[in-house]
Amino acid sequence: MKTTSFKAVLTLSLLMTTALSVHAQTTDVVTISNGKIEGTGRQTSGVRMFQGIPFAQPPTGELRWKEPQPVKNWTDVRNAKQFGPRCMQAPIFGDMGFRANGMSEDCLYLNVWTPAKAANEHLPVLVYYYGGGFVAGDGSEPRYDGESMATKGIVSVTVNYRLGVFGFMAHPELTKESPHKASGNYALLDQYAALKWVKENISAFGGDPNNITIAGESAGSVSVSALMASPLSKDLINGAIGESGSILGTLSAVPLAQAEEAGVKFANSFSANSIAALRGMETQKIFAEATKGGFASIGRFPITVDGYFFPESPAAIYAAGKQAHVPLLAGWNSEEMTGQLILKGQPATTENYQKALKELYGARADEVAKLYSGSTPDEIMDAATALAGDRFIAYSTWKWADMQTKSGAAVYRYFYARPRPAMKASMGNASPGLAGGVVRNSTAPAPPPARGAVHSAEIEYALGNLTTNNVYEWTADDHKVSQVMQDYFANFIKTKNPNGPGLPKWPKLSRGAGDNAPQIMRIDVSTKAEPDKTRARYLFQDEAANQSKP
């Protein structure tokens, strides 16, 4: 009787232990500064996921066009199993896919992927900011998914930030009401608020708050260069990765007065005589007016030298060496922009190329023709493609890396050259679009094949997310390139040096010439370091940029 009773108790105890063990594998509660959150539990990869964590109050109503405010505490366990809403945006880019819970002004959420089994592991941290011209993008996009990078021993974070009119509109009345006498740059302040949140909370996920690398592509890369420059955020950063773009020429900052003028013009389009009136308007009404023109909305509400996030222009900050002196890994792609932009759709003949250069550079056209030279149609198109890419985004990235070497910090520069493979047959009549987008169901003639790696093509490779993109017929070579590039990124995030076992040696960037020319890493199927032969191009672009400043 007693034996039977003991066996029954033992069996019940084992069943309860098993049940608790299963429950522990499928749920995960973590305590952060505002309360407890429950994630999705450990995945088969060993990674735990937490989605839709608020890092600021919803920037709605009276908080519209104000810097992000601290989150209010909660008492119950908060669900962190669903991505938060994406910020207000128009469907401009065809390469964006979202897992977000709708779209809303209430969008200040972040997501965490961690491989840590305990809170005391002190793993390196990656905070990634999405691209999209500051008018589109979201932390839920599969290409930015943090699980693959987390399997490398990294706590990965993606961050949402306000976009377009809600993220950047400046106005004299907003400046007057601000405690800092600043307006605009709400998106950058969102990014800073998220970075502060990571500093304060990431140890709960097993991350090291003293080893935070920030990264991003395109507008996200511009954001990284901006956060490095701002005195608010620069001391929170231990390393930086920039993929195609910097604030030193791409989506650059304008004087506050200029941004305020744009804000007043926008307010006048509603006959709104006060910010209170604008704050009282429905989100959709403001959004519809601000996004008229699609691509034309990019830059309508620019980054601002506001006197707070930027006490002076970013260019002046970098020139004075006041930015964060942290290791930087940065680079760009081989076809950031089509050469047809230079040739205006005309055939790649010597006559058409010379005419295009004359229109762009006047008396200096011959000088440009030597730097970007070509005689056959293929050579001319290659030259035009290089020039278009430099003008669009490569020059500003070069400038950033070049300025950072002056700080004495280690800089590693890459040139990404792997074109995407063909689209899957199941994509039907879809074709590649501008800036890495995808044009579906188009009746227009298909664009010419890519001449290299288009803008944004490297993202899935670098973050180990090729399998999240079902558009392209990935090959063994693509997976090989991804493994190498992701390993470089992971090593840099961990040690601030991309080098490691089994990888081609990546030298630090120098500022030499001739036999001592800087070495850059060409990332392709055969990845290798090679001398930089393009410095003369960027010195010219730098001179031209300085001459064009008022």
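Preceding block: the structure.
To start, this report covers the structure provided alongside it. Quick caveat, the model's predicted, so the values are computed rather than measured.

## As for the overall build of the protein chain
- Check the secondary structure of the protein chain and you find 17 helices and 17 strands.
- Taken against the 2.2 N^0.38 rule, which gives 24 Å for 550 residues, the C-alpha radius of gyration of the protein chain at 25 Å falls within 12% of a compact globule.
- Along the three orthogonal principal directions, the C-alpha set of the protein chain runs to about 105 × 60 × 50 Å.
- Every one of the 550 residues in the protein chain was classed for burial, and the buried ones make up 55%.
- Here the protein chain has roughly 23,100 Å² of accessible surface; of this, 54% comes from carbon and sulfur atoms.
- In the protein chain, 53 side chains carry a positive charge and 50 a negative one; their mean positions are 4 Å apart.

## Side note on the sheet that holds strand β8 (residues 207–217)
- Pairing in this open sheet of ten strands is mixed, and the strands run β3-β5-β7-β6-β8-β9-β12-β13-β16-β17 from one edge to the other. Two strands in the sheet have a free side with no partner beyond their single neighbour: β3 (48–54) and β17 (528–531). Across the sheet, the mean angle separating the axes of adjacent strands is 20° when strand polarity is ignored.
- Across five bridges, the pairing between β3 and strand β5 (residues 109–114) is antiparallel. Directly across from M49, in β5, lies its bridge partner W113.
- The strands touched by helix α5 (residues 186–201) within the sheet are β3, β5, β6 (123–129), β7 (155–159) and β8, with β8 carrying the most contacts at an inclination of about 150°.

## Comments concerning the sheet that holds strand β2 (residues 35–39)
- Sheet architecture is open: three strands sit in the order β1-β2-β4, paired in mixed fashion. On the outer flanks of this sheet lie β1 (28–32) and β4 (78–79), each paired with one strand and no other.
- Two elements, β2 and β4, share two bridges in a ladder whose sense is parallel. Pairing of I37 across the sheet is with R78, part of β4.

## Some remarks on the environment of W398
- With respect to the helices, strands and loops of the structure, W398 is situated in helix α14 (residues 377–406).
- Remark: the alpha-carbon pair of W398 and T213, spanning 185 residues in sequence, is separated by 20 Å.
- When residues no more than four places from it in sequence are discounted, the contact partners of W398 are W332, R413, R535, Y538, L539 and D542.

## Considering the packing of helix α12 (residues 350–361) against α14
- One can describe the packing of α12 onto α14 by two numbers: an axis separation of 10 Å at closest approach and a directional angle of 20°. Viewed along their axes, α12 and α14 adopt a mutual orientation that is roughly parallel. Two packed elements cross with a definite hand, and for α12 against α14 that hand is left-handed. Of the residues in α14, those in contact with T350, Y353, L357, L360 and Y361 of α12 are I380, A383, A384, L387 and R391.
- Along the lines of polarity and charge, the residues of the contact of α12 with α14 split into eight nonpolar, one polar and one charged.

## With respect to unusual backbone geometry
- Backbone geometry at W65 places phi at a positive 60°, although glycine is not the residue there.
- Mapped onto the fold, W65 is located in the loop between β3 and β4.
- For W65, a relative accessible area of 1% translates into the label buried.
- Although it is not a glycine, S456 adopts a positive phi angle of roughly 85°.

## Here we look at the pattern of salt bridges
- Counted according to the given criterion, the structure contains 23 salt bridges.
- Put simply, D390 and R537 hold a salt bridge, and the shortest N to O gap is 2.9 Å. Note that D390 is positioned in helix α14 and R537 in helix α17 (residues 535–548), a separation of 147 residues in sequence.
- A salt bridge links R418 to D478; its shortest N-O distance comes to 2.9 Å. Note that R418 is positioned in the loop between β13 (411–416) and β14 (431–432) and D478 in helix α16 (residues 476–495), a separation of 60 residues in sequence.
- On the accessibility criterion, R418 (15% relative accessible area) is buried.

## Details of the nonpolar core
- By size, the foremost hydrophobic cluster in this structure holds 132 residues, and its most contacted members are I53, V112, V127, F205 and I214.
- Filtering out sequence-adjacent residues up to four positions away, I214 remains in contact with V127, Y129, L195, V224, L227, I237, G239, A240 and I241.
- Membership of the second largest hydrophobic core comes to 19 residues, among which are Y353, L357, Y372 and A388.

## Here's the deal with the pairing of β2
- Counting buried residues in β2 gives four out of five residues, a clear majority hidden from the surface.
- Strand direction decides the pairing type here: β1 and β2, joined by five bridges, are antiparallel. If you follow V29 over to β2, its bridge partner there is E38.
- From the end of β1 to the start of β2, which pair antiparallel, there are two residues.

## What to know about the pairing of strand β9 (residues 239–243)
- Of all five residues in β9, five are buried, a share of seventy percent or more.
- Side-chain alternation along β9 places G239, I241 and E243 on one buried face and A240 and G242 on a second face that is also buried.
- Where β8 meets β9, five bridges bridge the pair, whose relative direction is parallel. By the bridge assignment for β9, I214 is matched with A240.
- One crossover worth recording links β8 to the parallel β9 by way of helix α6 (residues 219–229), and it is right-handed.
- Judged from the four bridges that link them, β9 and strand β12 (residues 328–333) form a sheet pairing that is parallel. When the bridges of β12 are listed, E243 appears paired with G331.

Conventions we followed
- Each residue is numbered by its place in its chain's sequence as written, counting from 1.
- Two thresholds apply to this predicted model, a pLDDT of at least 70 for residue-level local features and 80 or more for giving and counting side-chain atom pairs, whereas whole-chain, interface and lining totals are computed over all residues.
- Only hydrogens and water are set aside when side-chain values are computed; all heavy atoms of the structure are taken into account.
- The way it works is that DSSP assigns letters per residue, a run of H or I at least four long becomes a helix, a run of E at least two long becomes a strand, and they are numbered from the N terminus.
- The globule rule used for comparison is 2.2 Å times the number of residues to the exponent 0.38, while the radius of gyration itself is calculated over C-alpha atoms.
- Three labels apply to residues, based on accessible area from a 1.4 Å probe with only protein chains included: buried if under 20% of the type maximum, exposed if over 50%, partly exposed otherwise in between.
- Surface accessibility follows the Shrake-Rupley procedure with a 1.4 Å probe radius. Residue values consider only the protein chains on display as shielding.
- Positive charges come from Lys and Arg alone, negative charges from Asp and Glu alone, with His and the N- and C-terminal ends not counted.
- By convention, the point assigned to a charge is CZ for Arg, NZ for Lys, CD for Glu and CG for Asp.
- A pair of strands is treated as paired once DSSP finds two or more bridges between them.
- Between the N-to-C directions of two axes lies an angle of 0 to 180 degrees, each axis being a line fitted to C-alpha atoms and, for a helix, fitted only over the stretch in contact.
- The contact criterion used is simple: two residues touch if any of their non-hydrogen atoms lie within 4.5 Å.
- Angle categories: roughly parallel below 35 degrees, roughly antiparallel above 145, roughly perpendicular from 65 to 115, and oblique for all the rest.
- Left-handed describes a crossing whose near helix is turned anticlockwise from the far helix through less than a right angle; right-handed describes the clockwise counterpart.
- In this classification, the charged set is Asp, Glu, Lys and Arg, the nonpolar set is Ala, Val, Leu, Ile, Met, Phe, Trp, Tyr, Cys and Pro, and all remaining amino acids, among them Gly, are polar.
- Note on definitions: salt bridges are taken to be side-chain nitrogens of Lys or Arg within 4 Å of carboxyl oxygens of Asp or Glu.
- Think of a nonpolar core as a cluster: buried Ala, Val, Leu, Ile, Met, Phe, Trp, Tyr and Cys residues, connected wherever their side-chain atoms sit within 4.5 Å.
- Seen with its strands pointing away from the viewer, a crossover is right-handed if its path from the first strand over the helix to the second goes clockwise.

Geometric descriptors of this kind do not, in isolation, establish any biological role.
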